[in-house]
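Chain by chain, the residues run as shown.
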Amino acid sequence: MDDDYLSGFTALLVQYDVLGAFWTNIQLTFFGALLALVVGTVLAVMRISPLPSLAWAGGAYVNIVRNTPLTVIMTFLVLGAWTQLGLSLSTNFTWNFFWFGVVGLGFYHASFVCEAIRAGVNTVPVGQAEAARAIGLPFLSAARLVILPQAFRGAIAPLGNTLIALLKNSTVAAAASVTWETSSVMKTMIEFQPNYIWEIFLTFAIGYVILVIPIGLLTTWMSNRLAVKR
Amino acid sequence: METGAPALVELKGVNKHFGDLHVLRDIDLTVRKGEVLVVIGPSGSGKSTLCRAINRLETIDAGEIRVDGKPLPAEGKELARLRAEVGMVFQSFNLFAHKTVLDNVTLGPRKVRGTAKAAAEQEALDLLDRVGVKNQARKMPAQLSGGQQQRVAIARALAMHPKVMLFDEPTSALDPEMVNEVLDAMVALAREGMTMIVVTHEMGFARKAADRVVFMADGQIVEEADPDTFFTAPRSDRAKDFLSKILVH
Ligand SMILES: Nc1ncnc2c1ncn2[C@@H]1O[C@H](COP(=O)(O)OP(=O)(O)OP(=O)(O)O)[C@@H](O)[C@H]1O
Ligand SMILES: [Mg+2]
C-alpha cells in the first residue's frame, strides 16, 4: 500500500526528529561561523601585519590547521582536551559536546576564513594602505578602518564558499560526540529502517541542498551589491 | 619665504637601495619653513622614493632625515604621529574608496587627532570649499572626476594640519583639462605659506609658486636653482638634455 508506505516514512521523520537534527547542524554552523569569522579575521590581520613574528605565527596556524583533517581535530578535542586534559565548555553533558563541535568547526574554518580575507586584501590597491598610513593611522587602525572593510567586500564570495563548506562539515561534529546531528541521525535511521534507505538518504541530501543554495545565491548577490567602486 | 626661516625638512647623506639598484645617492637637502621646493628629473631618478622616504613609506639604508628637528622615528605610535604632520598627495589620489568624500577628510582628524565629529565635519567642509569641491561632500570618490578627487585628497591631507605637504606628481594621472584646477589649489596653498615639496614636470607651477627647483638624475641631486635660472639657464648637461625633452611636448 502506497499510503501506508508514505505515512510510515513520515512517522519515521517525526520519530527520529529529523528537523531537530537539522536545527542542530544549523546551530553548529551559526556559532561555528561566528567563531571562524572572529578568529579568521585576527589571523588575517596577523598575516598582513608588519611584525614578521606575528605574520609567521598566523601563517603557521593556517598551514597546520588547514591541512589537518577535521575529524582528527574533533576527535582530539573530545578525547584529548576533554577526556584527558579535563577541559570542559559546559556543565551540561550534551552542550559540552555541542560546544566542542563549535570550537572544532570554528578554529578549523578560521584558517579558510583567513585565506578568504587575505584574497580580499589583495583586491585592495596598496595605495589605500599607504594613504591610511600617510594620514597617521597606525597599522591596526588602518587595517580596521580602511583595509578590512574593503577586503571583506572583495571576500564575500570566498567567505560564502567557506560558510557552505562549514555547514556541510558540521556533520563532522559527530566525531565530537554530537550524536543528535544529521549524519548521526541518518546513520541510526538507516540501521533500524533499512527498507527506507533511499528515502532517508534523499531526505538528508535534499535538506542540505535546500540549506546550501540560498547561501550561494545570497553571497553572489551581496558580492555584487557591496562591491567597492573604484 | 623669509631666507632666515628655520629648516623644516632636512636630509643628510641619505642612501637607499632596491636590491642592487642604488636609487638615492648621498642626498643632502634642506627645506625651510614656508619654502616651496619643486623636484624634477627623468623617470626612475628617485623622485618618488625621495618623497616617500620623507614620511617613511620607504625606509632608508643610510643617512638621516629630520622633520622639524626630530629624526624620523622607526616604527609604531611615534611614526604614526610624524606621518600625521607630513601631508602626502599621491599621483593616483588614493581616496578611501568605501567612504564618502566627507568621511575621507574627517577620518584622520577623528581617529588620529580625536576631534569631535561635528567639529571635524565643519572643518572638512571648509577645506572642501577652499579647494572648490564642497558640493561633492556626500558623494563616493568613484563618482568624482580625477581633478575633483585630487582636490579632495589635498583637503584630506590639509585636515591633519601638516607642517609640510608632499606632492608626488599630483597632476600626471589627470586629463589635461583638469590639471589646472589642481595646480590652482596648490598655488593658493603655496601663497598661504605652506611648506611644500612637489614632484612635478609642470613648469608653469614651478615658475609661479616654487622658491627653488631641484633636478635629480640617477638618484642624485644634480643641480638646484631658483626656477627662472633653472629653466632658462640650466648648468648641467643632464638638466639641459632633460629640459629639451620636456619642452618639446
Ligand atoms: N618597491 C620597489 N622595488 C624595487 N625597485 C623600485 C621600487 N620602487 C621604485 N623602484 C625603482 O627605483 C627607481 C627609482 O624609482 P622612483 O619611483 O623613485 O623614480 P621616479 O623618479 O619617481 O620616477 P617616475 O618619474 O617614473 O615616477 C626606479 O628605477 C624604480 O624602478
Ligand atoms: Mg615617481
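In case you missed it, the structure is sitting above this.
Quick notes on the rules
- Residues numbered from 1 in each chain as written.
- Chains lettered and ligands numbered in written order.
- Predicted model: local features only at pLDDT ≥ 70, side-chain atom pairs only at ≥ 80, totals over all residues.
- Heavy atoms only, no water.
- Core = buried A, V, L, I, M, F, W, Y, C linked by side-chain atoms within 4.5 Å.
- Buried < 20%, exposed > 50% of the residue type's maximum accessible area, 1.4 Å probe, protein only.
- Helix = DSSP H or I, 4+ residues; strand = E, 2+ residues; numbered from the N terminus.
- Contact = heavy atoms within 4.5 Å.
- Buried area = accessible area lost by both parts, 1.4 Å probe.
- Salt bridge = Lys/Arg side-chain N within 4 Å of Asp/Glu carboxyl O.
- Polar contact = N/O pair within 3.5 Å; in protein donor to acceptor, adjacent residues only side chain to side chain.
- Nonpolar A, V, L, I, M, F, W, Y, C, P; charged D, E, K, R; others polar.

What follows covers the nonpolar core. All names here are of chain B. Counting 54 residues, the largest nonpolar core has Ile154, Met165, Met196 and Phe205 as its most contacted members. Sorting elements by how many residues they give to this core places helix 6 (residues 176-191) first, with nine residues. Not counting residues within four places of it along the chain, the set of residues in contact with Met196 comprises Glu35, Val36, Leu37, Met165, Phe167, Met186, Leu189, Ala190 and Phe205.

Our next topic: the interface of chain B and chain A. Quite often, the size of an interface is put as the accessible area lost when its parts meet. In this assembly, 23 residues from chain B lie in contact with 19 residues from chain A. Across the interface of chain B and chain A, roughly 1,800 Å² is buried in total on both sides, 65% from carbon and sulfur atoms. Looking only at chain B, the three residues that lose the most surface to chain A are Phe96, Ala97 and His98 of chain B, adding up to 29% of its buried area. At the surface where chain B touches chain A, the tally comes to one salt bridge. Our enumeration of links across chain B and chain A arrives at six residue pairs in polar contact (both at pLDDT 80 or more). Elements with a minimum of two residues in the side of chain B that touches chain A: helix 2 (76-85), strand 6 (86-89) and helix 3 (101-113) of chain B. With four residues, the top contributor of residues to the side of chain B that touches chain A is helix 3 of chain B. Here the side of chain B that touches chain A is composed, by residue class, of 13 nonpolar, four polar and six charged.

All names here are of chain B. Its identity is not glycine, yet Asp68 carries a phi of approximately 55°, on the positive side. When you line up the elements, Asp68 lands in the loop between strand 4 (62-67) and strand 5 (70-71). Since its relative accessible area comes to 35%, Asp68 is described here as partly exposed. Its identity as a non-glycine residue notwithstanding, Phe93 has a phi of 65°, on the positive side. Take Phe93: it is sitting in the loop between strand 6 and helix 3.

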